[in-house]
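Survey of secondary and tertiary structure
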Amino acid sequence: MKMRKSVRFFATLMVSIMIVSAISACQPSATATPVASNPQSPTSEQPTAEVPAKDSLVMLSAESFTGAWDPAGHTVLANVHLEQLVFDHLWEVDWASGSTEYVPRLALSWGYLADGVTLEIKLRPGVKFQDGSDFDAEDVAATVERYSDPTKPMGFFWAEQMVGTAVDPLTVQITTTSGQPYAPLVNNLSFISIMSSADILDEAKLKAGMNGTGAFKFVSYENEQVNLVANEDYWDGAPQIKTITFRYVADPATRLAALQSGEADLIERVDSEQIPTIQADANLELITLPSIEQKNLVFKWAVPPTEEALVRKAISYAIDRETIVNDIMQGYATVADSFVSPVAWGYAPAEGFPTYDPEMAKALLVEAGYPNGEGLPELTYLTSVGFYPKTKEYGEVIVSNLADVGIKCTLQPMETASWLNALYTPNSGNMVDTGWMPPALEPDMTLAALYKNPGLTTGGGSAEINEALINESRMVDPVQRAAYLKDVVYPLIADVMPQLPLFNSMLIYAKSTTLQGFVPASTSDLSSIRDAYFINK
């Protein structure tokens, strides 16, 4: 990452920009536009000087925080939500525009050099970190290398280690260690939280707090509550909201009660049964939108017999996912038919993806040597309660479905912290319920993280899947890459079935009608809070 004294001539910039534009243009055309009920009147105005509106926001999180703040050191969504406000991205999707094109943030422009492998980025001048230090190319280079480090949890989002080089204080080049093209690079760089290179050299400081260039500063964390304060020196203008409290509240009913009483302004993961209550309250607004998240049934390969492919497939064919979506989720989800959400770039229905077929499940058990489930141990199925909606309810459906084909299974609901530990423990049980919300539309953020051997949560995989994922990640032609995903990668994963995507989630938020300017994203990005404000009623 040493800085070069000479600035590389930018002659290839226009060609490179065309390449980036081609990649961006392949984002899904079906924009996931939020749908709001109880909308504000178009005559709603920003607060007047005579009667100041409130300027403090309370959001109730459905997930607990890690309590350690290295952005590359976890894959926990609650922490990611904080980082989206304390740190900045190089570029990001402007969800409010209804487009999935990228708009610049800390980067002013970007494009590939003539080698088609090295991405050169021009950076915004005059930006400072919240500790007062200057932002420059060394920070971007160090951040990219840390995020792509295969020993870090965020390294699961990358096919290989990246190399960053600061050409001058405002020019940085990013390339691969293999020297091969890396198709997901621009998409992956859209979500990383740019850290100070000095902080990255100080592990203790990095874990103790957050120091970004973003619109809000980290203040404290205590009793499952994180407090942020506005960065009055923010390069894009000080936010109107001056303080934010993120508080972990596990119980959905408690979250809604707090919103109704005015104790909270914004809640997430609303249960479908709560929707009529919210719609009937003139002080509340419901927001729903398709999500990039899929809910998955993780098979633990370290615990027999779920290391056997035939058993995993038998379980997959035994589960009635349409009943789960229609009766349990009440239509606020769609049945999964692939290994990425329809919101993700490169989505296509997967050939060989299991459907509800109890007779097929029974036949697979016979082929595996367990006719009618004879010889199988009683399986354990772990799930969280309070974070994801309806996990216990549809877990009971799954246990019943498995019993119908002769598979005995015990459902173990767990509070969120214990479940999170079990999710990443190789031998915690046979199956674990979880969701996967990649922070960008890049399909490799799901495929490389969950299906590359060893999978982040399954601990299993295959050499054939690994090879296919490496091949697709080097296809810079988006048409060729999309076809390879559809024709090779997805069928190959379906044949191995490391884990079963159950359904595609829908994001459901509820907020006070006095909160304006909040535009949620299909990736659950909360960056729009930096432009939010309150009105008086």
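Structure's up top.
Scoring rules and cut-offs
Residues numbered from 1 in each chain as written. Predicted model: local features only at pLDDT ≥ 70, side-chain atom pairs only at ≥ 80, totals over all residues. Heavy atoms only, no water. Pairing = 2+ DSSP bridges. Helix = DSSP H or I, 4+ residues; strand = E, 2+ residues; numbered from the N terminus. Axes fitted to C-alpha atoms, helices over the stretch in contact; angles between N-to-C directions. Buried < 20%, exposed > 50% of the residue type's maximum accessible area, 1.4 Å probe, protein only. Polar contact = N/O pair within 3.5 Å; in protein donor to acceptor, adjacent residues only side chain to side chain. Contact = heavy atoms within 4.5 Å. Salt bridge = Lys/Arg side-chain N within 4 Å of Asp/Glu carboxyl O. 1 Å grid on protein atoms, 1.4 Å probe; cavity = no way out; pocket = protein on both sides within 12 Å on 5 of 7 lines; lining within 4 Å. Points joined across faces, edges and corners; volume = space filled by probe spheres on them. Nonpolar A, V, L, I, M, F, W, Y, C, P; charged D, E, K, R; others polar. Parallel < 35°, antiparallel > 145°, perpendicular 65-115°, else oblique. Left-handed = near helix turned anticlockwise from the far one by under 90°.

Here we take up the sheet that holds strand 7 (residues 162–168). Think of a sheet as strands paired side by side through backbone hydrogen bonds, with each pair either parallel or antiparallel. Taken together, the four strands give an open sheet; going across it, the order is 5-6-8-7, and neighbouring strands pair in antiparallel fashion. At either end of the open sheet lies a strand with only one pairing partner, and these are strand 5 (107–112) and strand 7. Sheet twist, expressed as the mean angle between neighbouring strand axes with direction ignored, is 20°. Bridge count between strand 6 (residues 119–123) and strand 8 (residues 171–176): four bridges; the pairing is antiparallel. Among the inter-strand pairings, E120 is bridged to a residue of strand 8, identified as Q173.

Turning to the side chain of Q173, a few remarks are in order. Position of Q173 among the secondary structure elements: in strand 8. Classification of Q173 by relative accessible area gives buried; the value is 5%. A polar atom in the side chain of Q173 sits 2.4 Å from the side chain of E120.

Attention now moves to the side chain of R105. As for its placement among the helices and strands, R105 is situated in the loop between strand 4 (102–104) and strand 5. The class of R105 is buried, set by a relative accessible area of 9%. Within polar-contact distance, the side chain of R105 engages the side chain of D236 at 3.2 Å. Not counting residues within four places of it along the chain, the set of residues in contact with R105 comprises D88, H89, L90, W91, E92, R124, Y234, W235, D236 and R530.

Moving on to the pattern of salt bridges. Summed over all chains, the structure comprises 22 salt bridges. As a salt-bridge pair, K390 and E273 come within 2.1 Å of each other at their nearest N and O atoms. With a gap of 117 residues between them, K390 in the loop between strand 15 (379–384) and helix 12 (391–404) and E273 in the loop between strand 12 (266–267) and helix 8 (275–279) connect regions that are remote in the sequence. For K390, a relative accessible area of 10% corresponds to the buried category. D495 is the partner of K313 in a salt bridge, and the nearest nitrogen-oxygen pair spans 3.1 Å. Here the residue K313 occupies a position in helix 9 (residues 309–318), and D495 occupies one in helix 16 (residues 478–496), the gap between them amounting to 182 residues. By relative accessible area, which is 18% here, K313 ends up buried.

For the rest of this paragraph, the subject is empty space enclosed by the protein. Within this structure, the stated rule accounts for seven cavities of 30 Å³ or more. If you trace the largest cavity, you find 26 residues lining it, with T75, L77, G435, W436 and M437 closest to the centre. Considered class by class, the residues forming the lining of the largest cavity number 17 nonpolar, six polar and three charged. In this structure, the second largest cavity encloses a volume near 170 Å³. Lining the second largest cavity are 17 residues, with M329, Y332, P389, S505 and M506 positioned closest to its centre. Counting only elements with at least two residues in the lining of the second largest cavity, the list comes to strand 13 (284–299) and strand 18 (499–512). By residue number, the principal contributor to the lining of the second largest cavity is strand 18, which donates five residues.

With that settled, the discussion passes to unusual backbone geometry. Along the chain, P304 connects to P305 via a cis peptide bond; the corresponding omega equals 5°. Mapped onto the fold, P305 is located in the loop between strand 13 and helix 9. Here the bond from N453 into P454 is cis, since omega is -5°, no more than 30 degrees from zero. Examined against the element boundaries, P454 turns out to sit in the loop between helix 14 (444–451) and helix 15 (463–473). Phi angles above zero are rare outside glycine, and E224 is one such case at about 60°.

Taken N-terminus to C-terminus, the directions of helix 14 and helix 16 make an angle of 30°; their axes are 13 Å apart at the nearest point. On the basis of the axis angle, helix 14 is roughly parallel to helix 16. In this structure, helix 14 crosses over helix 16, and the sense of that crossing is left-handed. Between helix 14, through D444, L447 and Y451, and helix 16, the contact on the second element is made entirely by R481, L485, V489, Y490 and I493. Counted by class, the contact of helix 14 with helix 16 contains six nonpolar, no polar and two charged residues.

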